[in-house]
Amino acid sequence: MDMSFQLYSGRNTPIAEVLKIAAAAGYKYVEGYGGLDASTKSGLGGLYGDLETLKAQLDANGLSMPSAHIGLDLVESPDQAIKLANALGIKVLICPWLHPDMRPTDAAGWTAFGKRLAKAAEPLVAAGLTFGYHNHDFEFTKLPDGRFPMDVLLEAAPNISIEADIAWIVRGNADPFAWLEKFGQRIVAVHVKDIAPAGQNLDEDGWADVGHGKMAWKDLLDLVKTKTTARYFVAEHDNPSDLTRFATRSIATVKSFGV
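No experiment lies behind these values; they were computed from the predicted model shown.

Trainee: With reference to specific residues and values, describe the side chain of histidine 69.
Mentor: Secondary-structure assignment places histidine 69 in strand β3 (residues 64-69). Within the local environment of histidine 69, its side chain forms a polar contact with the side chain of glutamate 31, the two groups lying 3.2 Å apart. At 2.6 Å, the side chain of histidine 69 forms a polar contact with the side chain of glutamate 163. The residues touching histidine 69, leaving out its near neighbours within four places in the chain, are Gln6, Glu31, Gly32, Tyr33, Gly34, Tyr48, Ile94, Pro96, His134, Glu163 and His191.

Set out below in structure tokens:
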């Protein structure tokens, strides 16, 4: 399986350079990120602000973008989201983040948010796209009733898929093996990232290149391959001090495991 590279990892580097680094390291896919234009809230913004140029840059580096993160504002603007997907050949759109002031505090709130996502997904799915939600750690902070918010959300939104960020599940103190097996048939993609041992890589927010931290990635990838329907393995580092180092070491680790 060809690896994908989450472009958010290189958000502090010009996109033209990021794409060259990813291609040189051996990635065939990249995963985008962005939303509506911050000033107008009507058109596409950020990385997606000039689709023609971005498509040309992808083509020039032999890369494609089968999956992309889109902000909740873009999720709920289906015409713009479908325009983005059509322009870049995106098959999977993923809502990656819920702002802290929007996060529910009880099961009823997470149920309502799940239903909101399910409703927003309808026109995207009708257009032939897959729509999913990407977790962080806060979806694994148990609710007063003992359930995980992520479980409640998914129960309320049976029509959406999952991009499992396994390292964030670990940071949420949940068992990634049990959770991946439970929801494997809804997992369309995984983020492949690593966590540094305690006290290390503090300048990188405690993250590590894949295979250079404490995550049991060989066993995790075996489980992903056998128990989930994931089609995309996406390397990510939230704050790498050296983007080229992260890109090259991470793909080398994953390829050594036969992915």
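Trainee: Describe the pairing of strand β2 (residues 29-32), with residues and values.
Mentor: Two elements, strand β1 (residues 3-6) and β2, share 3 bridges in a ladder whose sense is parallel. Bridge pairing links serine 4 to tyrosine 29 in β2. Handedness of the crossover joining β1 and β2 through helix α1 (residues 15-25): right-handed. Bridging between β2 and β3 involves 3 bridges; their strand directions are parallel. Each residue of the ladder has a partner; that of glycine 32, found in β3, is alanine 68. The handedness of the β2 to β3 crossover, carried by helix α2 (residues 51-60), is right-handed.

Trainee: Describe unusual backbone geometry, listing the residues and the values that go with them.
Mentor: As a rule of thumb, non-glycine residues mostly have phi less than zero, and peptide bonds are mostly trans rather than cis. Despite not being glycine, asparagine 173 shows a phi value in the positive range, around 65°. Among the structural elements, asparagine 173 can be located in the loop between α7 (166-171) and α8 (176-183). Although it is not a glycine, asparagine 201 adopts a positive phi angle of roughly 55°. Along the polypeptide, asparagine 201 turns up in the loop between β8 (194-195) and β9 (207-208). Note on asparagine 201: relative accessible area 27%, which makes it partly exposed.

Trainee: Kindly report on the pattern of salt bridges, identifying the contributing residues and their values.
Mentor: Using the criterion set out here, one finds 15 salt bridges in the structure. Across the salt bridge formed by glutamate 155 and arginine 147, the nearest N and O atoms sit 3.6 Å from each other. Look at arginine 147 and you get partly exposed, because its relative accessible area is 34%. Lysine 193 is paired through a salt bridge with aspartate 238; the nearest N and O atoms lie 2.8 Å apart. With lysine 193 in the loop between β7 (187-192) and β8 and aspartate 238 in the loop between β10 (232-235) and α10 (243-256), this pair connects stretches of sequence that are 45 residues apart. Like aspartate 238, lysine 193 is buried. Connected through salt bridges with shared partners, the residues Asp165, Lys193, Glu236 and Asp238 form a single ionic network.

Trainee: Summarise the packing of aromatic side chains; cite the residues concerned and give the values.
Mentor: Remark: the centre distance and the inter-plane angle together describe each pair of aromatic rings, the angle taken between the planes. One pass over the full model with this rule turns up 12 aromatic pairs. Each ring, one from tryptophan 110 and one from phenylalanine 113, has its centre 6.0 Å from the other, and the planes form 80°; the classification is edge-to-face. One end of the pair, tryptophan 110, and the other, phenylalanine 113, are both in helix α5 (residues 107-126), 3 residues apart, so they sit about a helical turn from each other. Exposure remark for phenylalanine 113: the relative accessible area of 6% places this residue in the buried category. An aromatic cluster of at least three residues, connected via ring pairs, comprises Trp97, Trp110, Phe113, Tyr133 and Phe138. We note arginine 11 situated over the ring of tyrosine 8; from NZ or CZ to the ring centre the distance is 3.9 Å.

Trainee: Please set out the nonpolar core residue by residue, giving values where relevant.
Mentor: One finds Phe5, Tyr48, Met65, Leu84, Leu93, Tyr133 and Trp179 to be the most contacted residues of the largest nonpolar core, which totals 84 residues. Considering each element in turn, this core owes the most residues, 8 residues, to α5. Aside from chain neighbours lying at most four places away, what touches phenylalanine 5 is Val18, Ala22, Tyr27, Tyr29, Val30, Glu31, Val234, Ala235, Leu243, Phe246 and Ala247.

Trainee: Which residues make up α2, and what values go with them?
Mentor: All of the buried residues along α2 are Leu51, Leu54 and Leu58. One face of α2 carries all of its buried residues, which in axial projection span an arc of 65°. Away from its buried face, by an angle of more than 90 degrees, α2 presents the exposed residues Glu52 and Ala60. Elements in contact with the buried residues of α2: α1, β2, β3 and α4 (78-88). Two residues or fewer past α2, glycine 62 is found with a positive phi of approximately 65°.

So, how was this worked out
- Residues numbered from 1 in each chain as written.
- Predicted model: local features only at pLDDT ≥ 70, side-chain atom pairs only at ≥ 80, totals over all residues.
- Heavy atoms only, no water.
- Helix = DSSP H or I, 4+ residues; strand = E, 2+ residues; numbered from the N terminus.
- Polar contact = N/O pair within 3.5 Å; in protein donor to acceptor, adjacent residues only side chain to side chain.
- Contact = heavy atoms within 4.5 Å.
- Pairing = 2+ DSSP bridges.
- Right-handed = clockwise from strand over helix to strand, strands pointing away.
- Buried < 20%, exposed > 50% of the residue type's maximum accessible area, 1.4 Å probe, protein only.
- Salt bridge = Lys/Arg side-chain N within 4 Å of Asp/Glu carboxyl O.
- Phe/Tyr/Trp six-rings, centres within 6.5 Å; stacked < 30°, edge-to-face > 60°.
- Lys NZ or Arg CZ within 6 Å of the ring centre and 35° of its normal.
- Core = buried A, V, L, I, M, F, W, Y, C linked by side-chain atoms within 4.5 Å.
- Arc of directions from axis to C-beta.

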